[in-house]
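# Examination of the molecular architecture
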Amino acid sequence: MAPRPGTEFPDVTLAIIAGGQGRRLSGVPKGLLEVEGRTVLSRQLALSPHFGDVLLVANAPAPYAAYALRTVADPIPDKGAPGGVHAALTASRTRWVVTVACDMPFVSLEALRVLLAARGEDVDAVCFEAEGRMEPLLAVYRAELAPHWRPLLLEDPSLRRLLSRFRSRVLPESALRAVDPTLRSLVNVNTPEDLARHGVSLPPR
């Protein structure tokens, strides 16, 4: 299927990076956690009409089968988040990829628009820096990085280290606060404490 025309960002794939099982969350895949009666994955897919394509990166895809998404596994296993981003870049059918981690329930379209507006011919990746830390799983990447990214995975680098190897544009916290004053788009849910803090629940058994 060709990328969808007529969308706001036809040259961008929305890639949802679903890691392994949520071991600290009773083994529930984090994309199936629920907020206000909807799964995190459903909330993220509400953004998809704005993009030319949508892709799920999942090494254990069975829990997400009902969503009928184009799904790929990491070509190089056991490389964590850097391997997931590499999978998205490799499978992309568009020039750019915007990545969202499946444990981020509150990502806003406005935040993604800020990232995408910072693209340029002299830029390979764009991410935010907030509270002194880069946020490379809410980011935009040039798909052409895939063959250059692959050999670097052998070094088991962090995403932040990988970004340092390319022409990365790091946006200040103020750029995100302008559209997301409480930085809610950067919230991720990894522990039972996170569930309680952010009003997220386990799905019914």
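So, a few notes on the structure that sits alongside this text. (Residues numbered from 1 in each chain as written. Predicted model: local features only at pLDDT ≥ 70, side-chain atom pairs only at ≥ 80, totals over all residues. Heavy atoms only, no water.)

A few words on the overall build of the protein. For the protein, the helix and strand inventory stands at 7 helices and 12 strands. In terms of overall dimensions, the protein is globule-like: its C-alpha atoms have a radius of gyration of 16 Å, near the 17 Å expected for 205 residues. With respect to the principal axes defined by its C-alpha atoms, the protein has extents near 45 × 40 × 35 Å. When burial is assessed residue by residue, the protein has 54% of its 205 residues classed as buried. For the protein, the proportion of contacts with a sequence separation of at least 24, taken over those separated by at least 6, is 72%. Of the roughly 9,200 Å² that the protein leaves accessible, carbon and sulfur atoms contribute 54%. Once the 24 positive and 22 negative side-chain charges of the protein are each reduced to a mean point, those two points are 3 Å apart. (Helix = DSSP H or I, 4+ residues; strand = E, 2+ residues; numbered from the N terminus. Rg over C-alpha atoms; globule rule 2.2 N^0.38 Å. Buried < 20%, exposed > 50% of the residue type's maximum accessible area, 1.4 Å probe, protein only. Contact = heavy atoms within 4.5 Å. Areas by Shrake-Rupley, 256 points an atom, 1.4 Å probe, with all protein chains shown as cover. Lys, Arg positive; Asp, Glu negative; His and termini not counted. Charge placed at Lys NZ, Arg CZ, Asp CG, Glu CD.)

A full pass over the atoms with the stated rule returns 3 aromatic pairs. Seen from their ring centres, Phe9 and Phe51 are 5.6 Å apart, and the 25° between their planes marks the pair as stacked. With Phe9 in strand S1 (residues 9-18) and Phe51 in strand S6 (residues 51-58), the pair connects residues that are 42 residues apart, well separated along the chain. For Phe9, a relative accessible area of 10% puts it in the buried group. We classify Phe51 as buried; its relative accessible area is 0%. When the ring of Tyr141 is compared with that of Trp149, the centres are 5.5 Å apart and the planes differ by 85°; the resulting orientation is edge-to-face. Of the two residues examined, Tyr141 and Trp149, each falls in the buried class. (Phe/Tyr/Trp six-rings, centres within 6.5 Å; stacked < 30°, edge-to-face > 60°.)

So, on to the sheet that holds strand S8 (residues 96-101). Neighbouring strands of a sheet are bound in pairs by backbone hydrogen bonds; such pairs are parallel or else antiparallel. Read across the sheet, 7 strands follow the order S7-S6-S1-S8-S10-S9-S11 without closing on themselves; strand pairing throughout is mixed. Each end of this open sheet is capped by a strand with a single partner; those strands are strand S7 (71-72) and strand S11 (168-171). Pairing between S6 and S7: 2 bridges, direction parallel. Note on S7: the bridge partner recorded for Leu56 is Thr71. (Pairing = 2+ DSSP bridges.)

Moving on to the side chain of Ser185. Relative to the assigned elements, Ser185 resides in the loop between helix H6 (173-177) and helix H7 (192-198). Within the structure, the side chain of Ser185 is placed 3.1 Å from the backbone nitrogen of Ser108, a separation counted as a polar contact. Ignoring anything within four residues of it in the chain, the contact list for Ser185 reads Met104, Phe106, Val107, Ser108, Ala111, Leu138 and Asp180. (Polar contact = N/O pair within 3.5 Å; in protein donor to acceptor, adjacent residues only side chain to side chain.)

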